[in-house]
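Topology and contacts: notes
So the chains spell out like this:
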Amino acid sequence: MPGEPDSCAAGGGVPAGAALPGEAGAGSRPRLAEPLVEGTVDGVRVAVPRGATILEAARLCAIEIPTLCHHEGLPPEGSCRLCLSETRGSLAVSCMYPLRESGFAALTRSPAVLEARRYVLSLLVCRAPRAPRIRKLADEYGVSPDPRFMRDPDGCIRCGRCVRACRASGPEAIALCGRGFARLVTGPFGRPPEACVGCLACALACPTGKIAFSERDGVRRIWEREFELAPCPECGKRAFTREQLAFLGGGASALCHSCRRRLMARELGKAAALEAPGGPALLRAL
Amino acid sequence: MRLGSTDDLRALRRELAARPGPKRRLWVCGGPGCLASGAQEVFRAVEEACRAQGLGGASGLRADLSGCLGLCERGPLAEVEPEGWLYGGLRPEDAGELVSETLIGGRFVERLAADPGCREKDSSPFYLPQKRHVMARFGRARPGSLEDYLATGGYGALELALSELGPEETFRRVERSGLRGRGGGGFPAGRKWRALKESGGGTRYLIANGDEGDPGAFMNRALMEGDPLSVIEGMTLGAYALGAGRGFIYVRHEYPLSVERLRAAAAAAEGAGLLGADILGRGFDFRLAIVEGGGAFVCGESTALTASIEGREGQPRVKYVRTTEAGLWERPTLLQNVESWANVPQIVANGPEWFRRTGSEANPGTKVFSLVGKVRRTGLVEVPLGTTVGALVNGAGGGVPRGRSFKAVQSGGPSGGCLPESALDLPLDFDALAEAGAMMGSGGLIVMDDLSCLVDTARYFTGFLCEESCGKCAPCREGLPALRDVLTDLTEGRGRPGDSAFLESQARLLAATALCGLGKSAANPVLSTLRHFREEYMEHEEGYCRAGRCRGMYLPEVDGDLCRACGACQKACPASAIEGERKEKRRVLPERCETCGACLAACPFEAVKARRPKKGAPDARRA
């Protein structure tokens, strides 16, 4: 797997700082306008805004539900089927099932749920047997890949997070194409995606590390395409591709993430100082 | 002519109904089956012969193409009005005789009888158990002709609804009828209608699902081609009762004639003021569009279908919000099968009590089935719900041909289930079929005889579903091919002990975890065959196929007691593996046998049996 990019790359259309790989510790999205509904998750009492999902309620209770296709910053799809939990006697996808009224009771570790998750993992581990995240989940659930069904272990679990990240960012360069087992992520007509701006949103959204990219001598390679990286005007570090900056349009600058943060802090500091007694004089002296 | 009011409509309907019909008419069947077997050529020859005989308007003798007459297996068919005679197996050469003898002479041509021994259509066992409501106009009205539709009672329901009932009573009639969704699920139509009616204000949509995708099923196609206006009138009534301004009929593009007929019918209705803006001068609008699908099986699923209409990829989505709340373009939408819609005009016109008189308490009305496979008479049948499977298979279908015995009937399309002989007593209704592990589906019935291997059948249907899986959710995309691989191993002699139990647990989990209706039912072929034919699975684990279908997994053996030395098996064998002189009972030479199964199928006395191969025999596990 290629190394981590040297900056927190922003998606083509996503403002820098709105980090995409923001799953860890992601909490409930605020739906403050909605009234609260009460119920339980694994017996733990919890109140959530009406319309919140089982996943959100579970996270409020510090109950972990494994997810793969779910990403806090992207529209949900419910296609990996890993986050299944039990409610009203049947299985539901936690990342999408809306809690609409009080009295809900979701079970996230019932025998039916665990069996279903093991089944889903047994299928996905045959597709991505080497992906660390899948292996970790498989170990946790006691699942190992069955050589009989290792038909095409290409490392991709077809969760579509890359596609949704690309769409959310703007370029819509890649898509899931074909159907059934042969479905795969690709550019139009199976060729390198022309609309790609090399922003890495797809690679960072991918839970299995399937989307390969590399950076060498100021050139980023992804999707069989090459992108020249523009140097940061402050420190010279190369964080953004020229195509990405062009896509963002206007005065999008090639400031790298850390310089952007530093400059912003300086500006904020200035503003704070101006408010403080004696501040303006101090600033002038500097 | 544009009708400006319900009075105009009433006057026109009366006038058309009173207009004398032709003295005698030859209806050449234009149903899907007959067209495929050359009905168009027959019809052209008949028209030619009519011209040659100088028949035309004044003679009162004419020939027309009709909607599906039903007995497809004997096609191309033709029905004679008013006598009700049914001809079959017609060829263009028969046209002269048909015209001179029957049309002009009024005499029955014995050699062209569709069902030998039965002159009249209604005397044939094929039609005896039938009750044609949805298919009532097939053979009575020219497909898609507004004039014929009006003359045969069409738009009577709309007239009644607009002039007397009003939207509320129109809705109540449908609700009280107990109509259940004809697309397969059997969801009560009234509940859907009520949900749409009570949905928030603003735009509401109606959709007719004509995306019939089951292999071997063509009842929706026959309906859309044979009586498109009944679907359109049904939707117009729905629009009036529920306040929907727009409707869509979604038809797979492999049905070009359905699309053409529906479009022509909609245009005719619009021209007459029965569709479009300001219907019958009542200030109510209903605009209808015919949308062609790309032909993906999954687009029969409601959320995939709406995605397809919206112009997106036809993929289902997680449905925790009902379509009646947020469907097409996130607006309240009522989606029903075309056959459900076609029932609506009759329910509104004749009342719910009339509708409930047919069928059973929980399953009122009729249902169109396509009866195919190993029966003597195949075709489209419309019977009251609750009719037994046996009445169709042995009654209408005439039982299994060629002296073979009945083994199973597959109901409900690829994701339906296979039922054993005990199912012959089962009533054909939504609940009984679901309980037995099959489903109504859109109404496909495939009959199988003892030469069908149920493991192989499960493999075939699972393979079909693998091809048609959209690939969105993991269980269907990854789990179905796994099932198919195990089934393929079982049918190619690579079965392992425990495969059956493994299949069962995997199939159950697939059904429990898949995203959409297609995925949830995709395990049915495996589950239903395991439930009813488990011993065959166990035999396949050991490398034996009792049906003599899976190659290398049996040995043909001639039963000396049954063999009548006819030599049919010997003639059929491509490997010269059967020996025996004339008038001698035949023997199989195992070392030469390629286990192609030709001898088994050829024997008219069921004397060739598929025996268990000897353990360790060189050809026992040829894969």
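Note that the structure is predicted; figures quoted are calculated from it, not measured.

The rules behind each value
- Residues numbered from 1 in each chain as written.
- Chains lettered and ligands numbered in written order.
- Predicted model: local features only at pLDDT ≥ 70, side-chain atom pairs only at ≥ 80, totals over all residues.
- Helix = DSSP H or I, 4+ residues; strand = E, 2+ residues; numbered from the N terminus.
- Rg over C-alpha atoms; globule rule 2.2 N^0.38 Å.
- Buried ≥ 20, exposed ≤ 12 C-beta atoms within 10 Å, placed from the backbone.
- Contact = placed C-beta atoms within 7 Å.
- Nonpolar A, V, L, I, M, F, W, Y, C, P; charged D, E, K, R; others polar.
- Expected span 1.5 Å × (residues − 1).
- Axes fitted to C-alpha atoms, helices over the stretch in contact; angles between N-to-C directions.
- Parallel < 35°, antiparallel > 145°, perpendicular 65-115°, else oblique.
- Left-handed = near helix turned anticlockwise from the far one by under 90°.
- Pairing = 2+ DSSP bridges.
- Domains from an automatic or database assignment.
- Core = buried A, V, L, I, M, F, W, Y, C linked by C-beta atoms within 7 Å.
- pLDDT = per-residue confidence, 0-100.

Things to note about the overall build of chain B
Counting secondary structure elements, chain B contains 23 helices and 17 strands. Taken against the 2.2 N^0.38 rule, which gives 25 Å for 623 residues, the C-alpha radius of gyration of chain B at 26 Å falls within 12% of a compact globule. With the principal axes as the frame, chain B shows a C-alpha extent of 85 × 65 × 40 Å. Relative to its full complement of 623 residues, chain B shows a buried share of 58%. Long-range contacts, defined here as pairs at least 24 residues apart, represent 73% of the contacts in chain B between residues at least 6 apart.

Topic: the overall build of chain A
In terms of regular secondary structure, chain A is built from 8 helices and 11 strands. Counting across all 286 residues of chain A, residues that qualify as buried make up 42%. Taking all contacts inside chain A whose residues are at least 6 apart in sequence as the whole, residues at least 24 apart take part in 54%.

Considering the interface of chain B and chain A
Across the contact, 21 residues belong to chain B and 26 residues belong to chain A. Looking at which element gives the most residues to the side of chain B that touches chain A, the answer is helix α17 (residues 474-491) of chain B, with 8 residues. In terms of residue class, the side of chain B that touches chain A is built from 12 nonpolar, 4 polar and 5 charged.

Quick look at helix α16 (residues 454-468) of chain B
Residue and element names in this part refer to chain B. The end-to-end C-alpha separation of α16 is 21 Å, in line with the 21 Å expected for 15 residues at 1.5 Å each. For α16, the tally of buried residues reaches 12 of 15 residues, placing the bulk of the element in the interior. Turning to α16, its buried residues number three or more, namely L454, V455, D456, T457, A458, R459, F461, T462, F464, L465, C466 and E468.

Quick word on the packing of helix α3 (residues 39-52) of chain B against helix α4 (residues 95-104) of chain B
Residues and elements named next belong to chain B. One way to put it is that α3 packs onto α4 with a least axis distance of 8 Å and a crossing angle of 50 degrees. Considering the angle they form, α3 stands oblique to α4. Note on packing geometry: the crossing formed by α3 with α4 is right-handed. Contact with α3, carried on its side by V42, A45, V46, E48, A49 and C50, involves A95, G96, L98 and V99 of α4 and no other residues of that element. Class assignment of the residues belonging to the contact of α3 with α4 gives a composition of 8 nonpolar, 1 polar and 1 charged.

A closer look at the sheet that holds strand β5 (residues 205-210) of chain B
Residues and elements named next belong to chain B. With parallel pairing, the 4 strands of this open sheet are ordered in space as β7-β6-β5-β8. On the outer flanks of this sheet lie β7 (287-293) and β8 (333-337), each paired with one strand and no other. In this sheet, adjacent strand axes meet at a mean angle of 20 degrees when their direction is disregarded. With 6 bridges joining them, β5 and strand β6 (residues 246-252) adopt parallel strand pairing.

Overview of helix α20 (residues 524-532) of chain B
Residues and elements named next belong to chain B. For α20, the buried fraction is high: 8 of the 9 residues fall into the buried class. Inspection of α20 places N524, P525, V526, L527, S528, T529, L530 and H532 among the buried residues, and these make up the whole buried set. On its buried face, α20 sits against β12 (417-419), α16, α17, α18 (499-513), α19 (517-521) and α21 (534-541).

Considering the packing of helix α9 (residues 228-242) of chain B against helix α10 (residues 256-271) of chain B
Residues and elements named next belong to chain B. Across the interface, α9 lies against α10 with an axial gap of 9 Å and an inter-helix angle of 55 degrees. As the angle between them shows, α9 and α10 are arranged oblique. The chirality of how α9 crosses α10 is right-handed. The segment α9 lies against α10, with P228, L229 and I232 engaging R261, L262, A265, A266 and A269. Split by residue class, the contact of α9 with α10 holds 7 nonpolar, no polar and 1 charged.

Quick notes on the sheet that holds strand β3 (residues 84-87) of chain A
Residues and elements named next belong to chain A. With mixed pairing, the 5 strands of this open sheet are ordered in space as β2-β1-β5-β3-β4. On the outer flanks of this sheet lie β2 (44-49) and β4 (90-93), each paired with one strand and no other. Here the average twist between neighbouring strands, direction ignored, is 40 degrees. When β3 meets strand β5 (residues 104-107), the two strands line up antiparallel, connected through 2 bridges. Bridge pairing links E86 to L107 in β5.

A look at the domain arrangement of chain A
All names here are of chain A. Looking at the assigned domains, one finds that chain A contains domain 1 (36-149) and domain 2 (161-255). Look at where the C-alpha atoms of domain 1 and domain 2 centre, and you get two points 29 Å apart. Across the contact, 9 residues belong to domain 1 and 8 residues belong to domain 2. Class assignment for the residues of the side of domain 1 that touches domain 2 results in 7 nonpolar, 1 polar and 1 charged.

Looking at the nonpolar core
Ranked by size, the top nonpolar core spans 244 residues in total, and within it V28 and V46 of chain B carry the most contacts. Excluding its chain neighbours within four sequence positions, the residues that come into contact with V28 of chain B are A39, V42, F43, V46, A63, L65, S66, P76 and A78 of chain B. Residues L204, A205, I211 and W223 of chain A belong to the second largest nonpolar core, which totals 23 residues.

Re the confidence of the model for chain A
Chain-level pLDDT for chain A is 87 on average; 88% of the residues reach the 70-or-more range. In this model residues 1-28 of chain A is a low-confidence stretch, pLDDT under 50, and it forms 60 contacts with partners more than four residues away in sequence or in other chains.

Remarks on the domain arrangement of chain B
Residue and element names in this part refer to chain B. Here the domain parsing of chain B yields domain 1 (6-141), domain 2 (155-356), domain 3 (366-449), domain 4 (454-541) and domain 5 (555-611). Once you take the C-alpha centre of each, domain 2 and domain 3 turn out to be 27 Å apart. On the side of domain 3, 17 residues touch domain 2, which itself brings 16 residues to the contact. The biggest single contributor to the side of domain 2 that touches domain 3 is helix α8 (residues 219-226), with 3 residues. For the side of domain 2 that touches domain 3, the per-class residue count stands at 5 nonpolar, 6 polar and 5 charged.

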